[in-house]
There are 2 protein chains.
Amino acid sequence: MIIDLSMPVNENTIVFPGDAKPVFEQAGTLETVGFVDHIIHINNHLGTHIDAPDHMLEKGMLLSDYPIERFVAEAVCIDANGKAVLGLELLEGVEIPVGGAVLFYTGAGDTFQEQAYASEYPQFDLELAKALVAKGAKIVGVDMMSFDHDEPYPVHKALLDNDVLLIENLVNLQAVAGKQFKLYALPVRLELHAAPARVIAEINEKEAA
Amino acid sequence: MIIDLSMPVNENTIVFPGDAKPVFEQAGTLETVGFVDHIIHINNHLGTHIDAPDHMLEKGMLLSDYPIERFVAEAVCIDANGKAVLGLELLEGVEIPVGGAVLFYTGAGDTFQEQAYASEYPQFDLELAKALVAKGAKIVGVDMMSFDHDEPYPVHKALLDNDVLLIENLVNLQAVAGKQFKLYALPVRLELHAAPARVIAEINEKEAA
């Protein structure tokens, strides 16, 4: 079974505070050139996207520097629905796949179409970030606008400085909460520090049963 | 084994004749806001991308109208390296997975960084397109700038009108030519008729041996 964990994106998609709103500018039309196309003007952190170290660290790796294998991983999604703080205790009893991905379902992403989504989301505890690094996670993802609320973005830096890739603005995580699965988190191959991605979970029905 | 079939994209990426060139406009810097981000201004057909019917057909389906399962498919890549015309004979002896994907390695994509890539590519025969429809292919992909050279884009229309999704600007197809594999062709979830995609082949080593 395949589950789509990616946010649909249009001109009304809620953006990170201060970011430019997306614009989908129609270029060609059936009448003029025989096809429809658009120039999209979007922040590279719009919607579901992946951050690499160069987003926040001097001379960090670009997302396009990573081999394709880094975007396919054994994964687990931890149910943190309704919690105001995501803390260390969430890892109790959870087997983290070494070199794999850990997602957190917070419920914030359930209202991704409301303006409050931009700023009202749980606090991701720095100790949780450090523990994920220690346990060997290489991708961490959330259904929130960001891992941090303010500068100096300590959670981002704790993860990025340890070669962990970050996925923000996931949706539909309730469908995989508490489950193990294979994650395909495939970013567009932009030669930049971050890129929009299509992220899916592939659940082995037999294992899930 | 995972093989990346996606074109790396930067401001120098060759575009379809007449399209605007991509611009990666830096917005935030480490000094000003504590992070680097960019506004990307790109045609939604830049680099490796997928076309849905609304690209050329009145009131056709948008790419975002398709369920996620449509982007994961059993696939085969046919070796058409060096051919000036991709014709019906290429399907001789090839088992097309029903509901699956058929890619064509033409070699055009081997020089995707040269300006000639924009216009010098083989002719995709309309009879080949019709045969692919008849055999039940639901995704067809090429390492070329387009399936057509000129209006009225008959190959696009023959495929799109039969609910076949098109992938253009694939690269690295020599690595999968003649092979069967699982294709993950995941487009960014833009609510439009087409979107940039990360496309990978997952080869089962046992089957491939």
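Residues numbered from 1 in each chain as written. Chains lettered and ligands numbered in written order. Predicted model: local features only at pLDDT ≥ 70, side-chain atom pairs only at ≥ 80, totals over all residues. Heavy atoms only, no water.

Turning next to the overall build of chain A. Helix and strand content of chain A: three helices and twelve strands. A compact globule built from 209 residues would reach a C-alpha radius of gyration of about 17 Å, and chain A, at 17 Å, matches this within 12%. Its C-alpha atoms give chain A principal-axis dimensions of about 60 × 45 × 35 Å. Counting all 209 residues of chain A, 61% fall into the buried class. Counted over contacts in chain A with a minimum sequence separation of 6, partners at least 24 positions apart contribute 71%. Summing over all exposed atoms, chain A offers an accessible surface of approximately 8,200 Å²; the carbon and sulfur share of this is 49%. (Helix = DSSP H or I, 4+ residues; strand = E, 2+ residues; numbered from the N terminus. Rg over C-alpha atoms; globule rule 2.2 N^0.38 Å. Buried < 20%, exposed > 50% of the residue type's maximum accessible area, 1.4 Å probe, protein only. Contact = heavy atoms within 4.5 Å. Areas by Shrake-Rupley, 256 points an atom, 1.4 Å probe, with all protein chains shown as cover.)

With that settled, consider the environment of A:Ala118. Residues and elements named next belong to chain A. For alanine 118, the position within the fold is in the loop between strand E7 (101-105) and strand E8 (123-124). Sequence separation between alanine 118 and phenylalanine 104 is 14 residues, and the spatial gap between their C-alpha atoms is 17 Å. Leaving out residues up to four positions away in the same chain, alanine 118 has contacts with Ile14, Val15, Pro17 and Met145.

With that settled, the discussion passes to the interface of chain A and chain B. Between chain A and chain B, the contact holds 51 residues from the first and 51 residues from the second. Note on chain A versus chain B: buried area summed over both sides is about 4,800 Å², and carbon and sulfur give 62% of it. Along the contact surface separating chain A from chain B lie four salt bridges. At the surface where chain A touches chain B, the tally comes to 28 residue pairs in polar contact (both at pLDDT 80 or more). Elements with a contribution of two residues or more to the side of chain A that touches chain B: strand E1 (2-4), strand E3 (38-43), strand E11 (180-187) and strand E12 (194-202) of chain A. Top contributing element to the side of chain A that touches chain B by residue count: E3(A), with six residues. (Buried area = accessible area lost by both parts, 1.4 Å probe. Salt bridge = Lys/Arg side-chain N within 4 Å of Asp/Glu carboxyl O. Polar contact = N/O pair within 3.5 Å; in protein donor to acceptor, adjacent residues only side chain to side chain.)

This paragraph deals with the relation of the copies chain A and chain B. These two copies of the chain differ by a rotation about an axis and a displacement along the same axis. Superposing chain A onto chain B requires a rotation of 180° together with a translation of 0.0 Å along the rotation axis, leaving an RMSD of 0.0 Å. Here the two chains are linked by the operation of a two-fold rotation axis. Distance from the rotation axis, computed per C-alpha, reaches its smallest value in chain A at A:His41: 2.2 Å. Mapped onto chain B, 100% of the interface residues of chain A again fall at the interface, so both copies present the same surface. (Least-squares fit on C-alpha atoms with pLDDT ≥ 70 in both.)

Residue and element names in this part refer to chain A. Those residues of helix H1 (residues 126-134) lying buried are Leu128, Ala129, Ala131 and Leu132. All buried residues of H1 lie within an arc of 165° about the axis, which places them on one face of the element. Of the surrounding secondary structure, the elements contacted by the buried residues of H1 are strand E6 (85-86), E7, E8, strand E9 (139-142) and helix H2 (154-160). You can read the cap of H1 off the contacts: a side-chain oxygen lies 2.9 Å from the backbone nitrogen of glutamate 127, and it is on aspartate 125. At the exit of H1 stands glycine 136, carrying a positive phi of roughly 95°. (Arc of directions from axis to C-beta.)

What follows deals with the confidence of the model for chain A. Per-residue pLDDT for chain A has a mean of 96; in total, 98% of the residues score no lower than 70. Interface confidence for the predicted complex, expressed as ipTM, amounts to 0.97; the pTM equals 0.97. (pLDDT = per-residue confidence, 0-100.)

Applying the stated criterion across every chain, the model contains twelve salt bridges over all chains. Two residues, B:Lys182 and A:Glu202, come together in a salt bridge whose shortest N-O distance is 3.2 Å. One end of the pair, B:Lys182, is in strand E11 (residues 180-187); the other, A:Glu202, is in strand E12, on a second chain. The salt bridge partner of B:Lys138 is B:Asp163, with a shortest N-O separation of 3.6 Å. With B:Lys138 in the loop between helix H1 (126-134) and strand E9 (139-142) and B:Asp163 in the loop between helix H2 (154-160) and strand E10 (165-168), this residue pair connects regions lying 25 residues apart in the sequence. A cluster of three or more residues bridged by salt bridges with shared partners is formed by A:Asp4, A:Arg198 and B:Arg189.

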